[in-house]
Amino acid sequence: MSDIAAFRQAISEQQAALADRFQAGEPVEQLVHQQAAFIDELLGQVWRQHALPEAEGLALVAVGGYGRGELHPHSDIDLLLLGEESTFDSHGPALQDFLTFLWDLKLDIGHSVRTLEDCIEQAGADITVATNLMEARLLLGDETLYQRMREVTDQSRLWAGRAFFEAKWAEQIERHRKYNDTAYNLEPNVKEGPGGLRDIQMVGWVAKRHFGVETLAELVDRGFLTDEEYHALDKGQNFLWKVRFGLHLVAGRHEDRLLFDHQRSLAQRFGYESDGKRLAVEYFMKEYYREVTELERLNEMLLQLFQEEILLADHPGEPRDINKRFHARRGFLEARDSQLFEQQPFALLELFLVMAQHPELKGVRAETIRRVRAALPHINEEFRADLRCRSLFMELLRQPLGVTHELRRMN
């Protein structure tokens, strides 16, 4: 059996094992990391087979999602070949053979070849390159060279905190625009759409740059995330990982779009069942939209917290009174009392009326949104029967402007 045939067989067996373990209910968070570990081992064998150096002048580096140690069955495997010009000259044919061999294995390899100077120049000019290098992980080769790359491309050197946040935020706005700024597309993109995996990664990138943390869990220790918010992000990520993992298996290739045919296949694979009320696919997509909507709202709130922490920290602004319960600060509505919604639940509805009556306001402050989320259990039968709540809702409907916008915000 040729080398290529042996490697292809190993890959095929790995894919079959992943599919079996996934169908048996093994946690997807284990599978995505184990798939990355499998590729680590495979690349090591191919690297050594092509007599490439393991200690000097050249490094093989995982970047992007692969750098985080996360791979789905048909994910792109993003690699950086790092070295000096002289190293590339002397090992050029072996590196070309190495990449050709990987392509012959039908692996989805995305690669770049850079010197340290290239890394500095490109990371400083392109926020996407900078983000990829933030998640770099050494696979093989010169560790000293790799560490030097990490030092010279450290975001504190290339991107000021404000500039990094503004660039990533602009990137997300443009990405969301491609999907009509809604999580409710009929054939949503699990990775790139609003509320998708990229929104969770966005929070992680900004947190890593601003706070220097490696995981979202560390933000809880910093007091930036609540336990509930962290668990919601973790739960949402695992759900989307499960959907994306299944999507790759159903499609038999890299696919992030939940096309109609794939929706039906996944609903069946995940054990949803039709009944007299709804089809199995409808139950599946209802859960999907619920999860991504929650993630979209969390992303929006947390990025606003980052905005206040990064962009407005030096200028918190003086509050401008609106009424006894609310004031405005730097154009955002804020509850005057941290216990407002617990003590006066009707203020949950008043908030939206105030927003409709003051179109000059840019939004609701993130900390107030957090307090609204914490107070949601107060929306019960007593709340619905409260005359103040009914009156506030009717008054909102009578507003000449902003009613539709505030009803969407309320949702």
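The coordinates are above.
Residues numbered from 1 in each chain as written. Predicted model: local features only at pLDDT ≥ 70, side-chain atom pairs only at ≥ 80, totals over all residues. Heavy atoms only, no water.

Draft legend 1. Looking closely at the overall build of the chain. What the chain contains, in helices and strands, is 20 helices and 8 strands. In terms of overall dimensions, the chain has C-alpha extents of about 80 × 60 × 35 Å along its principal axes. The 411 residues of the chain split such that 49% are buried. Sequence separation of at least 24 residues holds for 68% of the intrachain contacts in the chain that already meet a minimum separation of 6. Total accessible area computed for the chain in this model is approximately 20,200 Å², and 48% of it derives from carbon and sulfur atoms. (Helix = DSSP H or I, 4+ residues; strand = E, 2+ residues; numbered from the N terminus. Buried < 20%, exposed > 50% of the residue type's maximum accessible area, 1.4 Å probe, protein only. Contact = heavy atoms within 4.5 Å. Areas by Shrake-Rupley, 256 points an atom, 1.4 Å probe, with all protein chains shown as cover.)

Draft legend 2. Focus on a nonpolar patch on the surface. On the surface, Phe393, Met394, Leu397 and Leu407 cluster together to form a nonpolar patch covering roughly 310 Å² of accessible area. Take the nonpolar patch: its biggest share by element is 3 residues, from helix 19 (residues 387-397). Relative accessible area serves as the criterion here: at 33%, leucine 407 is assigned to the partly exposed category. (Patch = residues over 30% accessible without salt bridge, like charges linked within 9 Å, V, L, I, M, F, W, Y side chains within 5 Å. Salt bridge = Lys/Arg side-chain N within 4 Å of Asp/Glu carboxyl O.)

Draft legend 3. Summary view of the nonpolar core. If you look at the biggest cluster of nonpolar residues, it comprises 50 residues, and the most contacted ones within it are Leu258, Tyr288 and Phe306. Secondary structure elements with two or more residues in this core: helix 1 (3-23), helix 2 (28-49), helix 10 (197-211), helix 12 (227-251), helix 13 (260-269) and helix 14 (280-311). Filtering out sequence-adjacent residues up to four positions away, phenylalanine 306 remains in contact with Phe165, Val203, Val206, Ala207, Phe211, Phe224 and Leu311. Ile11, Ala36, Leu99 and Leu105 belong to the second largest nonpolar core, which has 30 residues in total. (Core = buried A, V, L, I, M, F, W, Y, C linked by side-chain atoms within 4.5 Å.)

Draft legend 4. Seen up close, the sheet that holds strand 7 (residues 332-335). Across the sheet, 4 strands lie side by side as 5-6-7-8; this open sheet has mixed pairing. Two strands bound the open sheet, and with one partner strand each, they are strand 5 (320-321) and strand 8 (363-364). Here strand 6 (residues 326-329) runs beside strand 7; their pairing, made up of 4 bridges, is antiparallel. When the bridges of strand 7 are listed, phenylalanine 326 appears paired with alanine 335. (Pairing = 2+ DSSP bridges.)

Draft legend 5. Fine view of the environment of arginine 198. Within the secondary structure, arginine 198 is located in helix 10. Residue classification places arginine 198 among the buried residues on the basis of a relative accessible area of 19%. Between the alpha carbons of arginine 198 and glutamate 318 there is a distance of 35 Å; along the sequence they are 120 residues apart. Those residues in contact with arginine 198 that sit more than four places away from it in its chain are Arg175, Lys191, Glu192 and Trp205.

Draft legend 6. How the structure looks around the sheet that holds strand 1 (residues 58-62). Spatially, 4 strands are ordered 3-2-1-4 in an open sheet, and the strand pairing comes out mixed. Both edges of this open sheet fall to strand 3 (109-114) and strand 4 (137-141), since each of them pairs with a single strand only. Each strand of the sheet is rotated relative to its neighbour by a mean of 25°, with strand direction disregarded. Where strand 1 meets strand 2 (residues 77-83), 5 bridges bridge the pair, whose relative direction is antiparallel. Across the sheet, valine 61 pairs through a bridge with leucine 80, a residue of strand 2. Packed onto the sheet, helix 2 meets strand 1, strand 2 and strand 4 and runs at close to 25° relative to strand 4. The strands touched by helix 4 (residues 85-104) are strand 1, strand 2 and strand 3; relative to strand 2, the strand with the most contacts, the crossing angle is about 160°. (Axes fitted to C-alpha atoms, helices over the stretch in contact; angles between N-to-C directions.)

Draft legend 7. Geometry of helix 2. With 22 residues, helix 2 ought to run about 32 Å at 1.5 Å a step, and its terminal C-alpha atoms sit 32 Å apart, in line with that. Within helix 2 the residues assigned to the buried category are Val28, Leu31, Val32, Gln35, Ala36, Phe38, Ile39, Leu42, Leu43, Gly44, Val46 and Trp47. (Expected span 1.5 Å × (residues − 1).)

Draft legend 8. Structural detail: the pairing of strand 2. Extensive coverage of strand 2 is indicated by the burial of 6 of its 7 residues. Taken together, the 6 bridges between strand 2 and strand 3 define a ladder with parallel strand orientation. Directly across from isoleucine 77, in strand 3, lies its bridge partner isoleucine 109. Assessed by its sense of winding, the connection that carries the chain from strand 2 through helix 4 to strand 3 is right-handed. (Right-handed = clockwise from strand over helix to strand, strands pointing away.)

Draft legend 9. Broad picture of the layout of surface pockets. Put simply, the largest pocket is a space of about 1,700 Å³. Taken together, 46 residues form the lining of the largest pocket, with Glu296, Arg297, Glu300, Arg408 and Arg409 sitting closest to its centre. Looking at the lining of the largest pocket element by element, the count peaks at 12 residues for helix 14. Looking at side-chain class alone, the lining of the largest pocket contains 21 nonpolar, 10 polar and 15 charged residues. (1 Å grid on protein atoms, 1.4 Å probe; cavity = no way out; pocket = protein on both sides within 12 Å on 5 of 7 lines; lining within 4 Å. Points joined across faces, edges and corners; volume = space filled by probe spheres on them. Nonpolar A, V, L, I, M, F, W, Y, C, P; charged D, E, K, R; others polar.)

Draft legend 10. Structural detail: helix 6 (residues 127-134). Burial within helix 6 is extensive, with 6 of its 8 residues counted as buried. All buried positions along helix 6 are accounted for by Ile127, Val129, Ala130, Thr131, Leu133 and Met134.

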